[in-house]
Amino acid sequence: MGRDWIIEEIKASGLRGRGGAGFPTGLKWSFMPKVSDGRPQYLVVNADESEPGTCKDREIMRKDPHKLIEGCLVAGFAMGAHAAYIYIRGEFTYEAECLERAVAEAYKKGMLGKNAAGSGWDMDVYVHRGAGAYICGEETGLIESLEGKPGKPRLKPPFPANVGLYGCPSTVNNVETIAVAPTILRRGASWFSSFGRKGNHGTKLFCISGHINNPITVEEEMSIPMKDLIERHAGGVRGGWDNLLAVIPGGSSVPNLTKEVCDTVLMDFDALREVTSGLGTAGLFVFDKSADMIKGIQRLSYFYKHESCGQCTPCREGTTWLWKVMKRMELGDAKVEEIDMLEELTRQIEGHTICALGDAAAWPVQGLIRNFRPQMEERIAQYKLSQQQQQQKQGTHADQAYN
């Protein structure tokens, strides 16, 4: 049971990255050089959990940090890495303390350091605190920040497996991805792959918030129907399922889904992609019929404008314009033709940036236009009517004052 066995077992399990992209984990691990060219190899754990609506990794670091540390040892050995860097979000003060305490305990027990856990493999784990930038959740932006530079994503290729941290072969994985690896090896790939549909295997942490009766982070099997997930674990939608307006199913960066879709859709990578959304980080925002979807998406637009690193022109300029137009759409202070202009703007951002932040800013707005265009047009009509009424009222007052 050596390095190759671990990677093959992870491949056979069907584990896909739990940070949002869903790339096959075993395949990613296999990209690391099998024979060292003299450069050290690194495992980098992405604990910069900054996606709005997502609170899964912090639960692992709060409640079971040793699971993550064990995962670092297993993954590091499989990829020939003698050091792992856990890059944790700056705001996670308590979680960082839990993790640092657990690392110290692991060293004290001989589970880390020289001859870690009596394996003959030397393994060191370092906890590095970030400074709160959302962009550092992107793997190359994280590496730049870890090196002490501004967190601005790199052009790829070269990919981190060839030129990563300090110019050395590196693999960046999410906390949840690394933490589940020891359990897969302990119970077997067939056990893990028994959950979920083909291509979407295993269990997953789902974070459910918004207009529900019991906000929760829960571990469930992949491919569970969204309705079952919400009603079984989150106490159902406030006011009942029929009061549901929409759900953003994968953190703030994926398009929303209407109730008609949510009635039957499964919570996995492929099913959500088929309905023009995505699993992302599996952070569900639930909106009931009291919600103002235009205002909600406007707030997300502001977030992405604020978090853009400014490196790419389409993102730097486009996210600012998105927010400005969405702010007017919230009021209705726009023309109907501007809805199409807004969508065109998202298409000019999407796919034209170094990292996926541009896509993340564009997709929620695209979902709003696709599913709630009538409401946007109605808001514009209402605003126009109110302006006309106000002008008539002002004109009447002026006539009375003149007379």
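Whatever comes next refers back to the structure up there.
For the structure given in this document, a descriptive report is provided here. (Residues numbered from 1 in each chain as written. Predicted model: local features only at pLDDT ≥ 70, side-chain atom pairs only at ≥ 80, totals over all residues. Heavy atoms only, no water.)

Glancing now at the nonpolar core. Membership of the largest hydrophobic core comes to 47 residues, with the highest contact counts inside it found for Met-329, Leu-342, Leu-368 and Met-376. Broken down by element, the residue count for this core peaks at nine residues, all from helix α15 (residues 357-402). Of all hydrophobic cores here, the second largest spans 44 residues; its members include Trp-29, Met-32, Leu-68 and Ala-106. (Core = buried A, V, L, I, M, F, W, Y, C linked by side-chain atoms within 4.5 Å. Buried < 20%, exposed > 50% of the residue type's maximum accessible area, 1.4 Å probe, protein only. Helix = DSSP H or I, 4+ residues; strand = E, 2+ residues; numbered from the N terminus.)

Turning our attention to the packing of aromatic side chains. On inspection of all chains with the given rule, the structure shows twelve aromatic pairs. Ring centres of Tyr-134 and Phe-303 lie 5.0 Å apart, and the angle between their planes is 80°; this geometry places the pair in the edge-to-face category. Remark: Phe-303 occurs in helix α12 (residues 293-307) and Tyr-134 occurs in the loop between β3 (124-129) and α6 (139-146); sequence separation between them is 169 residues. Taken individually, Tyr-134 and Phe-303 each receive the classification buried, so the pair is uniform in this respect. Among the aromatic residues, those joined into a cluster by ring pairs are Tyr-42, Tyr-85, Tyr-126 and Tyr-166. (Phe/Tyr/Trp six-rings, centres within 6.5 Å; stacked < 30°, edge-to-face > 60°.)

This brings us to the pattern of salt bridges. Inspection of every chain in the model, using the stated rule, returns 35 salt bridges. Among the salt bridges present, the one from Arg-232 reaches Glu-220, with a minimum N-O distance of 3.0 Å. Of the two residues, Arg-232 sits in helix α9 (residues 226-233) while Glu-220 sits in strand β6 (residues 216-221), which places them twelve residues apart along the sequence. Residue class for Glu-220 comes out buried when judged on its relative accessible area of 12%. Put simply, Arg-273 and Asp-270 hold a salt bridge, and the shortest N to O gap is 3.0 Å. In this pair, Arg-273 and Asp-270 are both assigned in helix α11 (residues 269-274), three residues apart and thus about one turn of the helix distant. The network of salt bridges with shared partners includes Arg-58, Glu-59, Arg-62, Lys-63 and Glu-95. (Salt bridge = Lys/Arg side-chain N within 4 Å of Asp/Glu carboxyl O.)

Below, the discussion takes up the sheet that holds strand β5 (residues 203-210). Taken in spatial order, the five strands make up an open sheet running β6-β5-β9-β7-β8, and their pairing is mixed. At either margin of the open sheet sits one strand with a lone partner, and together these are β6 and β8 (257-258). Strand direction decides the pairing type here: strand β7 (residues 244-248) and β8, joined by two bridges, are antiparallel. Within the sheet, the bridge partner assigned to Val-247 lies in β8 and is Leu-257. Strands β5, β6, β7, β8 and β9 (283-288) of the sheet are contacted by α9, whose axis makes an angle of about 130° with β6. (Pairing = 2+ DSSP bridges. Contact = heavy atoms within 4.5 Å. Axes fitted to C-alpha atoms, helices over the stretch in contact; angles between N-to-C directions.)

Spatially, β3-β2-β1-β4 is the arrangement adopted by the four strands of the open sheet, whose pairing is parallel. Both outer strands of the open sheet, β3 and β4 (170-174), are each paired with one neighbouring strand and no more. Within this sheet the neighbouring strands show an average axis-to-axis angle of 20°, counted without direction. Here strand β1 (residues 42-47) runs beside strand β2 (residues 83-88); their pairing, made up of six bridges, is parallel.

Turning our eyes to something else, we now look at the packing of helix α4 (residues 65-78) against helix α5 (residues 93-108). Following both chains from N to C, one finds α4 and α5 inclined at 60°, their axes separated by 9 Å at the closest point. In terms of orientation, α4 lies oblique with respect to α5. Considering how the two elements wind past one another, α4 and α5 form a crossing that is right-handed. Judged by residue contacts, Pro-65, His-66, Leu-68 and Ile-69 of α4 engage Cys-98, Leu-99, Ala-102, Val-103, Glu-105 and Ala-106 from α5. Of the residues that constitute the contact of α4 with α5, the class distribution is eight nonpolar, one polar and one charged. (Parallel < 35°, antiparallel > 145°, perpendicular 65-115°, else oblique. Left-handed = near helix turned anticlockwise from the far one by under 90°. Nonpolar A, V, L, I, M, F, W, Y, C, P; charged D, E, K, R; others polar.)

In this section: the pairing of β3. Of the pairings in the sheet, the one linking β2 to β3 comprises six bridges and is parallel in character. When the sheet's bridge partners are listed, Tyr-85 is paired in β3 with Tyr-126. With α5 bridging β2 and the parallel β3, this β-α-β connection has right-handed handedness. (Right-handed = clockwise from strand over helix to strand, strands pointing away.)

Along the polypeptide, Ser-253 turns up in the loop between β7 and β8. Under the relative-accessibility criterion, Ser-253 is labelled buried at 14%. Once residues within four sequence positions are removed from consideration, Ser-253 is found in contact with Glu-51, Tyr-134, Tyr-304, Ala-360, Trp-363 and Pro-364.

The subject of this paragraph is the pairing of β5. In terms of burial, β5 is a largely internal element, six of the eight residues being buried. Judged from the six bridges that link them, β5 and β6 form a sheet pairing that is antiparallel. Considered in β6, the bridge of Cys-207 is made with Thr-217. Linking β5 to β6, which pair antiparallel, is a turn of five residues.

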